[in-house]
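Listed below are the residues making up each chain.
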Amino acid sequence: MAIREACGVFGIYDPEGGCAHSTYYGLYALQHRGQEACGIATMNGMQLQCHKDVGLVGDVFSREILDRLDGTMAVGHVRYSTTGGSQRENAQPLTLSYVKGTFAVAHNGNLVNVEGLRRHYEYQGAIFHTSTDSEIIAYLIAQQRLHCPSIERAVANTLPQLSGAFSLVVMSSRKLIAARDPWGFRPLCIGRRGRAWIFASESCALDSVGASFVRDVEPGEVVYVDLDGQLQSIRDCCKSQPTGLCIFEFLYFARPDSLIDGQWVHDARILAGRCLAREHPRAADVVIGVPDSGLNAAKGYAMESGIPYNDGLIKNRYVGRTFIKPDQASREQAVKLKLNPLRSTVEGKRVVVIDDSIVRGTTSRQLVGLLREAGAKQVHMLSSAPRFLAPCYFGTDIPSKGELMACNHTLEEMRDLIGADSLGFLSPDSLPQIAPRCSRGFCTGCFTERYPVPVEEPEGNPA
């Protein structure tokens, strides 16, 4: 089974230059969305340059590299593998040279019709050099550009051929373009800094480069900046669809200081905790959260329940997210390296622990054990996400049903397996309540098995 995760994209047009450095800072702010690989492509006049590699932003780029990449436009990407592995050749942005010139593409999301598209164009003679769906998108844009008057129209004409999640930033020699799938699965926003325009997966990346939030890219919209610095929009390229923003952006992926489609992520997590307290009241002495995504939900639970909140788990900041570790053994070791209980908070106490999700149960079992070793009298484990009942096909690391704890065990069996005194999950019915200011509908397929887009099970990823 391929690991499936969110990625982060960033693009900037700035006639003053220095775009590689701005993109570096933007990618740093988006590092939580991808820790496998990263890259930056820049345009200086007609010259396209790109540097990318496996690793974190701070490791892949040096000041010398950024100085060499300088230009008036840039696109950047931080990656978790969705389709394709984590080899260097699958790192983004992807760059293409073709009869009309050169362009670069950065993609966040996952297509569900990629196999059909790949077979169709391979039988027409296309040769693909990576195993990513992003290369399919780049190929389709190049094909469309041969038959239409501009790169932005080529992007617009490509969108109806794609099914699934795709937030794109595309850079040609004269245009910077952003596009979002008609369901709005993944976030994408627009910012302004003086004469510069910025596109980014999350608004926190705008803050990191001193830009002001302008608005979100609408589902099914293509926006572009030309060399005159004018922002323009194409809205006629896709049929109107019921929107399906991934609800897991609010529960886990996005940074709490980001604004997504009208809703602050921090506030959504507080509301998730409040909902959880109403659905699963517990007699306890203290509420603690699992860093980082569970902390705000734990505070919301404490606010609603009246049980005091306190720090109970200390995080080693130099260990990555356990959710994305590629095998079970490394996940288990990473939990011990990453989190340590604060004995003064939990010893002799009845403890409510709020985590953002329970997928395989490995982390929860280890956390319960660590808290009991630190002297907790009772441990009540609660998840601010519902039970995972199905895989995700749109770019999130929700595995096949065979690996999902909730698909193979009753609630009581799950409680026994993780060793908690009680176990509870947020109900799917509460999900719309956690983002009341969001202007979109949500995709909750991994919790409900109801997807906004028909999906076919990929080969090698049995349900």
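Just so it is clear, the structure is predicted and the values come from calculations on it, not from any experiment.

### Notes on the overall build of the protein chain
Summing up its helical and strand segments, the protein chain has 16 helices and 23 strands in all. Rg of the C-alpha trace for the protein chain: 22 Å, near the compact-globule value of 23 Å for 463 residues, within the 12% margin. Seen through its C-alpha atoms, the protein chain measures out along the principal axes to roughly 70 × 45 × 40 Å. Taking all 463 residues of the protein chain together, the buried fraction comes to 60%.

### Points about the pattern of salt bridges
As enumerated under the stated definition, the model contains 23 salt bridges in all. Among the salt bridges present, the one from Arg415 reaches Asp416, with a minimum N-O distance of 2.6 Å.

### Some words on the packing of aromatic side chains
Throughout the structure, instances matching the rule amount to 17 aromatic pairs. When the ring of Phe248 is compared with that of Phe447, the centres are 6.4 Å apart and the planes differ by 70 degrees; the resulting orientation is edge-to-face. Placement of the pair is Phe248 in helix H8 (residues 248-253) and Phe447 in helix H16 (residues 445-448), with a sequence separation of 199 residues. By relative accessible area, Phe447 is classed as buried at 2%. One aromatic cluster in this structure is built from Trp183, Phe185, Tyr393, Phe394 and Tyr451. A cation sits over an aromatic face here: Arg118 above Phe128, 5.2 Å from the ring centre.

### As for the sheet that holds strand E7 (residues 164-172)
With antiparallel pairing, six strands are arranged side by side in an open sheet as E5-E6-E7-E8-E12-E13. Since the sheet does not close on itself, it has two edges, and those belong to strand E5 (94-98) and strand E13 (231-234), each with one partner. The sheet shows a mean angle of 20 degrees between the axes of neighbouring strands, taken without regard to direction. The pairing of strand E8 (residues 176-180) with strand E12 (residues 222-225) spans four bridges and is antiparallel. For Leu176, the partnering residue across the bridge sits in E12 and is Val225.

### Things to note about the sheet that holds strand E1 (residues 8-13)
The seven strands lie next to each other as E3-E2-E4-E1-E10-E9-E11, forming an open sheet whose pairing is antiparallel. Strands with a single pairing partner mark the edges of an open sheet, and in this sheet they are strand E3 (47-54) and strand E11 (212-216). On average, each strand axis in the sheet is inclined to that of its neighbour by 15 degrees, with strand direction left out of account. Relative to strand E10 (residues 196-200), strand E9 (residues 189-193) runs antiparallel, the two sharing five bridges. In the strand pairing of E10, Ile190 is matched with Phe199. Packed on one face of the sheet, helix H1 (residues 19-29) meets E1, strand E2 (37-44), strand E4 (73-79) and E9 and runs near 25 degrees to E4.

### Re the environment of Ile136
Positionally, Ile136 belongs in helix H5 (residues 133-145). Ignoring any residue separated from it by four or fewer positions in sequence, one finds Ile136 in contact with Val114, Leu117, Arg118 and Phe128.

### Observations concerning the confidence of the model for the protein chain
This prediction gives the protein chain a mean pLDDT of 90; 92% of its residues lie at or above 70. Predicted confidence is poor over residues 459-463, with pLDDT under 50, and the contacts of this stretch with residues over four places away or in other chains come to nine contacts.

### Concerning the nonpolar core
Among the nonpolar cores identified, the biggest contains 80 residues, and Phe248 and Phe250 are the most heavily contacted of them. Ignoring anything within four residues of it in the chain, the contact list for Phe250 reads Leu245, Ile260, Gln263, Val265, Ala268, Arg269, Ile434, Ala435, Cys438 and Phe442. Counting 27 residues, the second largest nonpolar core, distinct from the first, contains Phe10, Ile12, Leu30 and Ala205.

### Some details on the packing of H5 against helix H6 (residues 151-158)
Relative orientation and spacing of two packed helices are given, respectively, by the angle between their axes and the distance between those axes. Interaxial distance between H5 and H6 falls to 8 Å at its minimum, and their mutual angle equals 120 degrees. Judged by the angle between their axes, H5 and H6 are oblique. Relative to H6, the crossing made by H5 is right-handed. Between H5 and H6, the residues in contact are Ile137, Leu140, Ile141, Gln144 and Arg145 and Ile151, Ala154, Val155, Asn157 and Thr158, respectively.

### Observations concerning the pairing of E13
Taken together, the four bridges between E12 and E13 define a ladder with antiparallel strand orientation. Paired with Val225 across the strands is Leu231, a residue of E13. Adjacent in sequence and paired antiparallel, E12 and E13 are bridged by five residues, among which Gly229 carries a positive phi angle near 80 degrees.

### Digging into the packing of helix H9 (residues 265-279) against helix H10 (residues 293-305)
Following both chains from N to C, one finds H9 and H10 inclined at 50 degrees, their axes separated by 6 Å at the closest point. In terms of axis orientation, H9 runs oblique to H10. The handedness of the crossing between H9 and H10 is right-handed. Judged by residue contacts, His266, Arg269, Ile270, Gly273, Arg274, Leu276, Ala277 and Arg278 of H9 engage Ser293, Asn296, Ala297, Lys299, Gly300, Tyr301, Met303, Glu304 and Ser305 from H10.

### A word on H5
Compared with an ideal rise of 1.5 Å per residue, which puts 13 residues at 18 Å, H5 spans 19 Å between its outermost C-alpha atoms and is within 8% of the ideal. Burial of H5 is extensive: 10 of the 13 residues sit out of reach of the surface. Inspection of H5 places Asp133, Ser134, Glu135, Ile136, Ile137, Ala138, Leu140, Ile141, Ala142 and Arg145 among the buried residues, and these make up the whole buried set. Taken together, the buried residues of H5 touch E5, strand E6 (101-111), helix H4 (114-122), H6 and E7.

### Details of the environment of Gly441
Residue position: Gly441 is located in the loop between strand E22 (422-425) and strand E23 (442-443). Owing to a relative accessible area of 28%, Gly441 belongs among the partly exposed residues under this scheme. Considering only alpha carbons, one finds Gly441 and Tyr318, 123 residues apart in sequence, at a separation of 36 Å. Not counting the four nearest positions on each side in its chain, Gly441 is found in contact with Thr243, Gly244 and Leu245.

So, how was this worked out
Residues numbered from 1 in each chain as written. Predicted model: local features only at pLDDT ≥ 70, side-chain atom pairs only at ≥ 80, totals over all residues. Heavy atoms only, no water. Helix = DSSP H or I, 4+ residues; strand = E, 2+ residues; numbered from the N terminus. Rg over C-alpha atoms; globule rule 2.2 N^0.38 Å. Buried < 20%, exposed > 50% of the residue type's maximum accessible area, 1.4 Å probe, protein only. Salt bridge = Lys/Arg side-chain N within 4 Å of Asp/Glu carboxyl O. Phe/Tyr/Trp six-rings, centres within 6.5 Å; stacked < 30°, edge-to-face > 60°. Lys NZ or Arg CZ within 6 Å of the ring centre and 35° of its normal. Pairing = 2+ DSSP bridges. Axes fitted to C-alpha atoms, helices over the stretch in contact; angles between N-to-C directions. Contact = heavy atoms within 4.5 Å. pLDDT = per-residue confidence, 0-100. Core = buried A, V, L, I, M, F, W, Y, C linked by side-chain atoms within 4.5 Å. Parallel < 35°, antiparallel > 145°, perpendicular 65-115°, else oblique. Left-handed = near helix turned anticlockwise from the far one by under 90°. Expected span 1.5 Å × (residues − 1).

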